[in-house]
Amino acid sequence: MRLTNNEKGYSLLLTMFVFILFTVLAMALLTATLTGSKRNQTSEHNIQAQELAMMGIDHLTNQINKDLKKGLGENGLTQDQFKSILETTLNKYKSGVAINTGETGSYEAKITNIDSVKDNPLKKRATIVSTGIADGRKKSTTTKVVFGAQSTLDTLKYTVGAYKSDELSKKCNTNSKYCVRGEGNLFLHGGVSIKGDFKVDGNIITTDRGYAYLGGQQWIPSVLPTASPVEGQKASHIVLKGNVYTFDHNPDYDKHIETTNFNQGTTVKDWVCTGPWFWPKCKYVEKTTDSKYVNTTGDLSKAFFGTLPVITQREPIRDDIQIENQKNVFYFPEGPSVIYAQTLDGGYKKSFNQDLSYQNKKVYPQYCEKNNCKNPSTNEDFEFTGNNYFGNFATKRSLYIRGSKSNFKETKFENGAYIGGNLIIGNTDISEYSEREYPNNFEKIKLDGPIFVEGNVTIEGVNGQFNTIMYVKGDVTIEYSVINGLNNTGSLIIFAGGDIKIRNNSLYQDNPSNIKGFFYSEKALEMFGVGSNIKIEGGVSARRIVLNAIRGKASKTSFSGSKKVDDDYYEGQASQLNLPPEKSRLQIIYDPNIMNTYADLKSREPMVISVDPPQITERKLE
């Protein structure tokens, strides 16, 4: 047998084998690539459909809110009118909206259910279902959104809030009345006691001395301030944008509270002379000293006494109160629908010496000359001395509300009041010291209902029970007064365009004046608890807050362990260190019921002038 060696045949077989192998591999790779591409494309379409579904929610939510704002108009609506607009608008979109976005696909969104919101008849919760479609792929999302008006404010969640306002700061550039130096800062001088959380857009500045003006500026030795947690919390929380500083020198008070840069030293000019005494060369030389403020943000034990607060970093929510715009809620002009309450009193304040009852009526006070009412006048200052009940009330000038030392006199504005001038509550003529120090000498006054004031508010010589929101364009002063909630549930809530000063309450007394309320200022808020003794159940908020206090006793006469300052005597620093926060002469304690009080009073305002941003409460992807 003869064997033949044919290399060409083997080469052919090898070539064909390699060709087939690579063909199979290429086909497998191509198949895998096409499959992956198809899978990616499917996934991309699913994601695109999901995004389109979310776009449908955003589109319908924004459209509904736009319709509500348009329906509200420039002058607002009554509550009944707004309820009708809200119901009509939401029902309109039960039929839905469909939008074709072009190459990316389309979406359809509609309302499937409308529910009421507990404790707020001016809100509705709508269930919105939105479906996104991309290349035949569908994805749906179900979202619950609350629409309407009159939400509670984030500001009311904090015991103390020092904030910055971009809008008011811009106005400051053209009008100095909107300027506040030291904006966003919180000053805690001495043994101030705060129970609850803080929100501070600027810096916190503390010291262990309280300030008072007693024959001159006096920094009285005390203890560092206390920040205590509310029940259920281990520590008080501070939402802080800046830093915490302390100081131990005696600065000029007015310059100190207007400081904007606590890291910068002070620059002074010295008159320096050189050369021989008979021919000196003298000139002013600037000298910069180091800052006397110490940054203690990293060690709060140097800034606070007792349980230390916890600093949290989050962007604070800005509440837009719009105090001046609230006038549209309360003001109404004279006209055929107005009832006139008449007085014949001829004093410079036209007094009503009888009870007034005008339930469910729109009322203006009016002055008539005795035996002649041919030319009645509403352009007067009026005074209430009895019990008064109004539906809606308006007056062009100032209103005085008086009470009695023996029994309470109540004034009620069921649907609100507009005061064209100042609002003065109580006895502003109360005598020095002898009567001012004792609540038994104060006038007993009950006040109920929301109020708008064009001018200033003064509360003086009052033993009061309040359940009211006041919108005040001017300043607010509260002194020589005790204020509790009406029927133990109400409160005094004030939003002021000007400064708020709370001072001279329970001077040199061991028991504090109790003030149940929340105080908000678009400028500065200042409180004193050195000679005064104040306990606020509620909170405070302003563009600059200054709180001054000590712990323990204050007296006109000497007592054991006291320190004399000018002609007065105060608890010595060593004794204060052993006293609990409850012995602070300035306490601010968070009141959890303040939110409910605000909501209840807002619901009594006759007009709705703004729509709240939509609030998503639940979202589910399908």
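Source: prediction; values computed, not measured. (Residues numbered from 1 in each chain as written. Predicted model: local features only at pLDDT ≥ 70, side-chain atom pairs only at ≥ 80, totals over all residues. Heavy atoms only, no water.)

With that settled, consider the overall build of the chain. Broken down by element type, the chain carries 7 helices and 45 strands. For a compact globule of 622 residues, the expected C-alpha radius of gyration is about 25 Å, and the chain comes in at 35 Å, more than 25% above that figure. With respect to the principal axes defined by its C-alpha atoms, the chain has extents near 145 × 90 × 55 Å. Expressed as a percentage of the 622 residues in the chain, the buried residues total 49%. (Helix = DSSP H or I, 4+ residues; strand = E, 2+ residues; numbered from the N terminus. Rg over C-alpha atoms; globule rule 2.2 N^0.38 Å. Buried < 20%, exposed > 50% of the residue type's maximum accessible area, 1.4 Å probe, protein only.)

Glancing now at the sheet that holds strand β41 (residues 562–565). Strand order in the open sheet made by the 3 strands is β40-β42-β41, with antiparallel pairing throughout. On the outer flanks of this sheet lie β40 (554–555) and β41, each paired with one strand and no other. (Pairing = 2+ DSSP bridges.)

The next point concerns the sheet that holds strand β45 (residues 615–621). With antiparallel pairing, 5 strands are arranged side by side in an open sheet as β2-β3-β4-β5-β45. Looking at strand neighbours, the two that pair on one side only are β2 (97–100) and β45, the edges of this open sheet. Here the strands of the sheet are splayed against their neighbours by 20° on average, with no regard to which way each runs. Relative to strand β3 (residues 106–117), β2 runs antiparallel, the two sharing 4 bridges. Each residue of the ladder has a partner; that of N100, found in β3, is S106. Set on the sheet, helix α2 (residues 79–92) makes contact with β3, β4 (120–134) and β5 (137–148); between it and β4 the angle comes to about 15°. (Axes fitted to C-alpha atoms, helices over the stretch in contact; angles between N-to-C directions. Contact = heavy atoms within 4.5 Å.)

Let us look at the side chain of T141. Summarising the element assignment, T141 is placed in strand β5. Excluding its chain neighbours within four sequence positions, the residues that come into contact with T141 are A53, M54, I57, I128, V129, S130, R619, K620 and L621.

Applying the stated criterion to the full structure yields 3 disulfides. Bridging C172 to C179, the disulfide has an S-S length of 1.9 Å. Looking down the S-S bond of the C172 and C179 bridge, the torsion is 100°, so its handedness is right-handed. A sulfur-sulfur separation of 1.7 Å characterises the disulfide bridge that pairs C368 with C373. Since its relative accessible area comes to 1%, C368 is described here as buried. Taken in N- to C-terminal order, the disulfide-linked cysteines of the chain are connected 1-2, 3-4, 5-6. (Disulfide = S-S within 2.5 Å.)

Glancing now at the environment of K501. Examined against the element boundaries, K501 turns out to sit in strand β35 (residues 500–503). For K501, a relative accessible area of 29% puts it in the partly exposed group. Considered as a pair, K501 and A524 are 23 residues apart in the sequence and their alpha carbons are 8.5 Å apart. Once residues within four sequence positions are removed from consideration, K501 is found in contact with V476, T477, I478 and E526.

All right, on to helix α7 (residues 594–602) then. For α7, every residue scored as buried is listed here: I594, M595, T597, Y598, L601 and K602. Angularly, the buried residues of α7 cover 165° about the axis, an arc narrow enough to put them on a single face. Of the surrounding secondary structure, the elements contacted by the buried residues of α7 are α2, β32 (457–472), β34 (492–496), β36 (513–521) and β43 (586–590). (Arc of directions from axis to C-beta.)

Structural remark: α-helix, 3.6 residues per turn; residues separated by three or four positions point the same way. When the terminal C-alpha atoms of α2 are compared, their 20 Å separation across 14 residues agrees well with the 20 Å that a helix rising 1.5 Å per residue should span. If you check which residues of α2 are buried, you get Q79, F82, L86, T89 and L90. Buried residues of α2, viewed axially, fall in a sector of 95°; they line one side. Facing away from the buried side of α2 by over 90 degrees, the exposed positions are D80 and T88. (Expected span 1.5 Å × (residues − 1).)

Scanning the entire structure with this criterion turns up 24 aromatic pairs. Ring centres of Y211 and Y253 lie 3.8 Å apart, and the angle between their planes is 5°; this geometry places the pair in the stacked category. With Y211 in strand β11 (residues 209–213) and Y253 in helix α4 (residues 253–257), this pair connects stretches of sequence that are 42 residues apart. The burial state of Y211 is the same as that of Y253; both residues are buried. Geometrically, the ring pair formed by F393 and F413 is tilted, given 5.5 Å between the ring centres and 40° between the ring planes. Placement of the pair is F393 in strand β25 (residues 388–395) and F413 in strand β27 (residues 409–413), with a sequence separation of 20 residues. (Phe/Tyr/Trp six-rings, centres within 6.5 Å; stacked < 30°, edge-to-face > 60°.)

To continue, consider the pattern of salt bridges. Throughout the structure, instances matching the rule amount to 22 salt bridges. For E618, the salt bridge goes to K144, with nearest N and O atoms at 3.9 Å. Placement of the pair is E618 in strand β45 and K144 in strand β5, with a sequence separation of 474 residues. Judged by its relative accessible area of 27%, K144 is partly exposed. Across the salt bridge formed by K501 and E526, the nearest N and O atoms sit 3.1 Å from each other. Note that K501 is positioned in strand β35 and E526 in strand β37 (residues 524–529), a separation of 25 residues in sequence. Classification of E526 by relative accessible area gives buried; the value is 15%. (Salt bridge = Lys/Arg side-chain N within 4 Å of Asp/Glu carboxyl O.)

Attention shifts here to a nonpolar patch on the surface. On the surface, a nonpolar cluster with roughly 600 Å² of combined accessible area is contributed by L14, F17, V18, L21, F22 and L25. Take L25: it is sitting in helix α1 (residues 7–72). Classification of L25 by relative accessible area gives partly exposed; the value is 47%. (Patch = residues over 30% accessible without salt bridge, like charges linked within 9 Å, V, L, I, M, F, W, Y side chains within 5 Å. Areas by Shrake-Rupley, 256 points an atom, 1.4 Å probe, with all protein chains shown as cover.)

The next point concerns the nonpolar core. If you look at the biggest cluster of nonpolar residues, it comprises 63 residues, and the most contacted ones within it are I425, M470, I478, F519, M527 and L547. For this core, the leading source of residues is β32, giving 6 residues. Setting aside chain neighbours within four positions, we find I425 in contact with I401, I445, L447, T458, I459, E460, V462, F466 and M470. Core analysis: the next-biggest nonpolar cluster, separate from the first, contains 24 residues, I323, Y418, M595 and M607 among them. (Core = buried A, V, L, I, M, F, W, Y, C linked by side-chain atoms within 4.5 Å.)

To continue, consider the pairing of strand β39 (residues 544–549). With 6 of its 6 residues buried, β39 lies for the most part within the structure. Side chains R544, V546 and N548 project from β39 onto one buried face, and the interleaved I545, L547 and A549 project onto a second face that is buried too. With 6 bridges joining them, strand β7 (residues 185–190) and β39 adopt parallel strand pairing. In the sheet register, N185 faces β39, and the bridge partner there is R544.

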